[in-house]
Amino acid sequence: MSVAKNININLKVWRQKNAKTKGSMETYKLDNVSTASSFLEMLDQLNEQLVNERKEPIAFDHDCREGICGMCSLYINGRAHGPDTGITTCQLHMRSFKDGDTIYVEPWRSKAFPVIKDLVVDRSSFDRIQQAGGFVSVNTSGRTIDANATPIPKHDADRSFEAAACIGCGACVATCKNGSAMLFVGAKVSQYALLPQGRVEATQRVLNMVRQMDEEGFGNCTNTGACEVECPKGISLENIARMNREYLAASMK
Amino acid sequence: MAKSSILSSSIAKKVAMALSGLFLVSFLLLHVSINLTSIFSADVFNECSHFMGYNPLVQYVLQPILAIGVVFHFVMGFVLELQNRAARPIAYAKNNGSANSSWASRNMIISGLVVLAFLGLHFYDFWFPEINYKFIQGMPIDETRYFPELVHKFHSPVRTGLYCLSFVLLALHLWHGFNSSMQSVGFNNKFSRGLHKLGYAFAIVVPFGFIVIALFHHFNQ
Ligand code: HEM
Ligand code: SF4
Ligand code: FES
């Protein structure tokens with residue numbers, strides 16, 4: 001790996017006071033950014049500069065800063081989570097940029113993810129989809145059956161695990177030209193559909209989750225495959241096909 | 001859950017789009033096969049065309065189904081396009097679509113619109129004269145008129161060029177459409193990779209066949 005150096009960059013960042021106001025792209029200059037710093041650290045540095053200038057710092061989402069919580073969003077230079085694939089924004093480093101670069105930073109754009117402030121969007125539409133069916137009803141009285149008591153084919157367990165890796169970040173929606181949430185919902189439907197414990201409520205689950213997805217105003221999938229490329233957890237398009245099969249089967253019942 | 005909301009769901013629309021698209025795909029295969037005979041034998045082409053033009057099953061059952069299929073497909077295409085645009089009210093200032101998806105997949109509405117415009121020209125060229133001949137003028141059956149009509153149409157270099165251009169856009173439509181429809185109906189498994197190759201081959205071979213026919217008759221007169 002190359003030795004870290006300092007670069008000077010220009011930033012074009014979406015600023016919006018609150019959900020009600022109209023926002024706009026603002027230009028900032030930031031000098032002496034270490035290529036070893038993460039993208040979010042760079043934004044911290046910009047915010048320090050803004051605070052020193054007695055200006056309002058930029059609001060952006062983050063929590064774990066290690067690629068597991070899904071909070072950090074950001075559409076960077078025209079791509080969800082920036083130029084690399086298979087990562088979240090907190091895993092993006094400034095070594096992906098060059099001295100003198102102009103970097104666009106925008107919030108996720110979706111009717112179902114309204115902007116709250118600056119780069120922060122409201123992703124509670126995902127929560128409502130989950131609440132519509134993304135669970136298994138189990139009796140937690142203490143008499144639960146050991147999960148390993150039910151044999152599950154390795155292939156199914158692996159596919160289910162892969163689907164369950166979805167962190168609900170919303171990059172799939174943000175990158176989709178149609179603002180479709182089908183990769184997310186496909187993953188959430190699949191993680192249960194593949195396991196015997198999830199079969200019990202499978203019919204209602206897929207019908208309810210898809211209905212909620214549609215009600216939230218997400219677009220319709222046209223299979224461009226952009227979501228799969230940008231998903232930080234490598235969720236496969238297979239999950240969308242599985243959801244479609246589940247939905248077709250459920251609607252016949 | 002109410003059946004009506006199932007039918008108007010995003011997945012139902014996707015499946016309807018895929019099935020109507022696949023139906024049109026099967027029609028294209030038949031159409032190109034018949035037209036290709038015109039390169040080898042005027043008689044065979046006349047015979048096939050006469051059959052398609054006068055067989056009651058084709059005329060009164062298959063043709064209306066085809067017409068409904070085409071209209072359904074593009075109306076649904078517009079509906080989906082409008083809904084999808086509404087799902088992103090504010091556009092990105094900078095968007096790098098080519099980083100993660102093909103041009104063909106992102107511009108189905110454009111390739112579709114070109115094909116639709118072509119269909120307008122095509123109807124004007126072949127379908128209206130046919131209706132006029134058979135039903136308005138009430139002309140007698142002539143089993144040899146089809147080949148000369150076809151050759152005549154490809155006399156004009158402008159028309160031949162427009163036909164060829166439309167077929168290139170049709171190829172792009174199918175390049176994404178064929179495989180997309182498989183995914184829409186839920187077919188994505190260990191056979192998909194092989195099927196994708198078939199889809200790409202279809203997307204090239206069928207429009208290319210139409211191009212060859214147009215160019216052949218243009219230069220062969
Ligand atoms: C012979 C003519 C045509 C054939 C064979 C054809 C075939 C297809 C196929 C197979 C698909 C994929 C469906 C899917 O994604 O599941 C498709 C999608 C599409 N078609 Fe066509 N099509 C034709 C004409 C048209 C026309 C005239 C339009 C008019 C605008 C159109 C607009 C669209 C659009 C917008 C889509 C994408 C919709 C989506 O994926 O949700 N097509 N077409
Ligand atoms: S499917 Fe991938 S991109 Fe979409 S929410 Fe889940 S982890 Fe994020
Ligand atoms: S901050 Fe948790 S995934 Fe980026």
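Given the structure is predicted, the values throughout are model-derived calculations rather than measurements. (Residues numbered from 1 in each chain as written. Chains lettered and ligands numbered in written order. Predicted model: local features only at pLDDT ≥ 70, side-chain atom pairs only at ≥ 80, totals over all residues. Heavy atoms only, no water.)

Colleague: Would you explain the coordination of the iron atom of ligand 1 in this entry?
Modeller: Each angle at a metal carrying four tetrahedral donors should ideally be 109.5 degrees, and each at a metal carrying six octahedral donors should ideally be 90 or 180 degrees. Residue and element names in this part refer to chain B. Only His 73 (NE2) and His 173 (NE2) from the protein reach the iron atom of ligand 1 as donors, at distances of 2.0 Å. With 6 donor atoms in place around the iron atom of ligand 1 and angles of 86 to 180 degrees between them, the coordination shape is octahedral. With His 73 in helix α4 (residues 56-86) and His 173 in helix α8 (residues 157-184), this pair connects stretches of sequence that are 100 residues apart. In this structure, His 73 and His 173 share a single accessibility class: buried. (Donors = N, O, S within 2.8 Å, 3.2 Å for Na, K, Ca; no water. Tetrahedral: all angles 85-135°; square planar, octahedral: opposite > 155°, others 65-115°. Helix = DSSP H or I, 4+ residues; strand = E, 2+ residues; numbered from the N terminus. Buried < 20%, exposed > 50% of the residue type's maximum accessible area, 1.4 Å probe, protein only.)

Colleague: Sorry, what's going on with the environment of Ile 76 of chain A here?
Modeller: All names here are of chain A. Positionally, Ile 76 belongs in strand β3 (residues 75-76). Between the C-alpha atom of Ile 76 and that of Thr 203, which follows or precedes it by 127 residues, the distance is 38 Å. Other than its neighbours up to four places away in sequence, Ile 76 contacts Phe 39, His 81, Gly 82, Thr 89, Leu 92, Phe 97, Ile 103 and Tyr 104. (Contact = heavy atoms within 4.5 Å.)

Colleague: Looking at this structure, how should I read a nonpolar patch on the surface?
Modeller: Residues and elements named next belong to chain B. Together, Phe 23, Leu 57, Tyr 60, Val 61, Leu 62, Ile 65, Phe 135 and Ile 136 line one region of the surface with nonpolar side chains, adding up to about 800 Å² of accessible area. Of all elements in the fold, only α4 and α6 (108-136) reach the threshold of two or more residues within the nonpolar patch. The leading source of residues in the nonpolar patch is α4, at 5 residues. Along the polypeptide, Ile 136 turns up in helix α6. Owing to a relative accessible area of 63%, Ile 136 belongs among the exposed residues under this scheme. (Patch = residues over 30% accessible without salt bridge, like charges linked within 9 Å, V, L, I, M, F, W, Y side chains within 5 Å. Areas by Shrake-Rupley, 256 points an atom, 1.4 Å probe, with all protein chains shown as cover. Salt bridge = Lys/Arg side-chain N within 4 Å of Asp/Glu carboxyl O.)

Colleague: Could you clarify how one ought to interpret helix α7 (residues 146-153) of chain B in this entry?
Modeller: Counting along an α-helix, one turn takes 3.6 residues, and residues three or four places apart therefore face a common direction. Residues and elements named next belong to chain B. Buried residues of α7: Tyr 146, Leu 150, Val 151 and Lys 153, and no others. Taken end-on, α7 shows its buried residues confined to a sector of 160 degrees, consistent with a single buried face. Among the structural elements, α2 (10-40), α3 (42-54), α6, α8 and α9 (192-219) are those in contact with the buried residues of α7. (Arc of directions from axis to C-beta.)

Colleague: Where do I start with the pattern of salt bridges in this structure?
Modeller: Any two side chains of opposite charge can pair if their charged atoms end up close together. All names here are of chain B. Inspection of every chain in the model, using the stated rule, returns 18 salt bridges over all chains. Put simply, Arg 145 and Glu 149 hold a salt bridge, and the shortest N to O gap is 3.4 Å. With a relative accessible area of 7%, Arg 145 lands in the buried category. Given a relative accessible area of 32%, Glu 149 falls into the partly exposed group. One network of salt bridges, with partners in common, ties together Glu 130, Lys 134, Arg 145 and Glu 149.

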